[in-house]
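Notes for the structure review
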Amino acid sequence: MPPRGRPRVDEVILDHALRLFYGEGIRSTGVDRIIAEAGVAGMSFYRNFKSKDGLVAAVLKRRDETWMAWLRDVVEAGEASPRQRLLRVFDALDAWFGRADFHGCMFINAAGEFADPASTARRAAADHKRQLKSYLGGLADQAGLPEATAAMLFLLAEGAIVAAFVQGDRDAARTARQAAEIVMSSPLAKELPP
């Protein structure tokens, strides 16, 4: 156990790896650089993560947990109707896109770096996207909207993330929010099959 007030070595490594992987990419960031920037011994790295693949899994798990917690906190803060909570997803994205450290979705980026669907990064990306889609499905269900509407809202959110990062379209979340309002208000939203 580290002395009181000092972070654990694995947490220090995770912090640096997350920053580097998100900002510069997983493949382009070597273990030696992470070890150097974290200021830890190589032995400490391998004792905690065994390999770069193990570190990638831990970083993506942490990112998933913190990103989903952040989204839930924003969406579920204060009083709001179920429909308002669905629209808050796009408000949260808008705030995220405006941050100086926005480098797109770490999971989309990671999936793009690894062609093998069985790779750690691709599996973590798919799991994260399933979780986000499920969260939106729960919000849509609370709003009395069918599963197909939730799937459309998920695609609007994903498209906004890609447009904000790839095209630099900082209005993408606001545009997607307007489209979400139309989708949610459509009479078809009640009639679409799952």
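This report concerns the structure included in the present document. (Residues numbered from 1 in each chain as written. Predicted model: local features only at pLDDT ≥ 70, side-chain atom pairs only at ≥ 80, totals over all residues. Heavy atoms only, no water.)

Section: the side chain of histidine 128
- By the element assignment, histidine 128 lies in helix α7 (residues 120-142).
- Classification of histidine 128 by relative accessible area gives buried; the value is 2%.
- Residues within four places of histidine 128 in sequence aside, it is in contact with Asp64, Trp67, Met68 and Phe107. (Helix = DSSP H or I, 4+ residues; strand = E, 2+ residues; numbered from the N terminus. Buried < 20%, exposed > 50% of the residue type's maximum accessible area, 1.4 Å probe, protein only. Contact = heavy atoms within 4.5 Å.)

Here's the deal with empty space enclosed by the protein
- Here the structure, examined in full by the defined rule, presents one cavity of 30 Å³ or more.
- A volume near 40 Å³ is recorded for the largest cavity.
- Classifying every residue of the lining of the largest cavity by side-chain character gives six nonpolar, one polar and two charged. (1 Å grid on protein atoms, 1.4 Å probe; cavity = no way out; pocket = protein on both sides within 12 Å on 5 of 7 lines; lining within 4 Å. Points joined across faces, edges and corners; volume = space filled by probe spheres on them. Nonpolar A, V, L, I, M, F, W, Y, C, P; charged D, E, K, R; others polar.)

Considering the environment of phenylalanine 165
- By the secondary structure assignment, phenylalanine 165 is in helix α8 (residues 147-166).
- Relative accessible area serves as the criterion here: at 38%, phenylalanine 165 is assigned to the partly exposed category.
- Taking the C-alpha atoms as reference points, phenylalanine 165 and histidine 103, separated by 62 residues in sequence, lie 6.4 Å from one another.
- The residues touching phenylalanine 165, leaving out its near neighbours within four places in the chain, are Phe102, His103, Gly104 and Asn109.

A word on the nonpolar core
- Counting 61 residues, the largest nonpolar core has Phe21, Leu55, Leu86, Leu93, Trp96 and Phe97 as its most contacted members.
- Apart from the residues lying within four places of it in its own chain, the contact partners of phenylalanine 21 are Ile26, Thr29, Ile34, Lys52, Leu55, Val56, Val59 and Met106. (Core = buried A, V, L, I, M, F, W, Y, C linked by side-chain atoms within 4.5 Å.)

Note that every value here comes from positions in space, so none of it alone points to a role or purpose.
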